[in-house]
Amino acid sequence: MNSRQPEKFQPSSLSYGEQGYLNVFGVRLEVEKYQGAVHKAPTLIFLHEGLGCIDMWRDFPEKLAQLTGCPALVYSRRGYGRSQPCELPRPLNYMHIEAMDVLPQLLAAAAIEDYILVGHYDGGSILLIHAGSCAGDGLRGIVTMAPHVFCETLSVRSIAQARQAFLDNGLRERLAKYHGENTDG
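Just so you know, these numbers come straight off a predicted model, no measurement behind them.

1. Quick notes on the overall build of the protein chain
Helix and strand counts for the protein chain stand at 5 helices and 7 strands. When the helices and strands of the protein chain are read in sequence order from the N terminus, they spell out β-β-β-β-α-β-α-β-α-β-α-α. On C-alpha atoms alone, the protein chain measures out to a radius of gyration of 16 Å, which is about the 16 Å that the 2.2 N^0.38 rule sets for 185 residues. If one aligns the C-alpha atoms of the protein chain with their principal axes, the spans along those axes are about 50 × 35 × 30 Å. A burial count over the protein chain gives 42% of its 185 residues as buried. A separation of at least 24 residues holds for 67% of the contacts in the protein chain among residues at least 6 apart in sequence. Of the accessible surface of the protein chain, which amounts to about 10,000 Å², a share of 54% is contributed by carbon and sulfur atoms. Taken as two groups, the 17 positive and 20 negative side-chain charges of the protein chain have centres that lie 3 Å from each other.

Thresholds applied
- Position numbers for residues start from 1 in each chain and track the written sequence from start to end.
- Where totals are concerned, whole chains, interfaces and linings use all residues; where local detail is concerned, this predicted model gives features only for residues with pLDDT of at least 70, and gives and counts side-chain atom pairs only at 80 or more.
- Hydrogen atoms and water are omitted, and side-chain values are computed over all heavy atoms in the structure.
- Numbering of helices and strands runs from the N terminus, with a helix taken as a DSSP run of H or I at least four residues long and a strand as a DSSP run of E at least two residues long.
- Two things to know: the radius of gyration comes from C-alpha atoms, and the globule rule equals 2.2 Å times the number of residues to the power 0.38.
- When accessible area is computed with a 1.4 Å probe and restricted to protein chains, residues below 20% of their type maximum are described as buried, those above 50% as exposed, and intermediate ones as partly exposed.
- Throughout, a residue-residue contact means that at least one pair of heavy atoms, one from each residue, lies within 4.5 Å.
- Per-residue and other accessible areas were derived by the Shrake-Rupley procedure at a 1.4 Å probe size, with only the shown protein chains allowed to occlude residues.
- His is not counted, nor are the chain ends, whereas Lys and Arg count as positive and Asp and Glu as negative.
- Taken as the charge centre is NZ of Lys, CZ of Arg, CG of Asp or CD of Glu, depending on the residue.

Right, here's the structure in full:
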């Protein structure tokens, strides 16, 4: 696990480039934010893929914030990174719950009014659900990479291969570096 241990914070008390936690529905979510150079620019909100977390984005959010001038907020969903573990198995509609319940509360907890969603894989699906079902006037745009919009044979095979790699080929150990106690989830 990464040696950085974030502290709890109120949205206004987290300095840019620091990690901390936000409390959403009584759940501790790991967050990190980056400052933008453009006054009143919308905040880029990063939603990670199915095996991801804040640290697995590496320096991409920070670089994108610098290039666009937009502030950025990156977070690990429940059960990922250093966020609070989740109950397993996740319900089949977990992406809808993230999109329609958790994400709006995260935005409120972080006092973010204008935002652009940036999502990869599961995160891309979550942002599409959010944008299509419950986004308010503050959503300024979306950037999605490889979202699930239909079930295809390649995806099902890839998930089976990832499961096998997790069980037999060291993927669990490699993911433990990022997810710690959340690895098996």
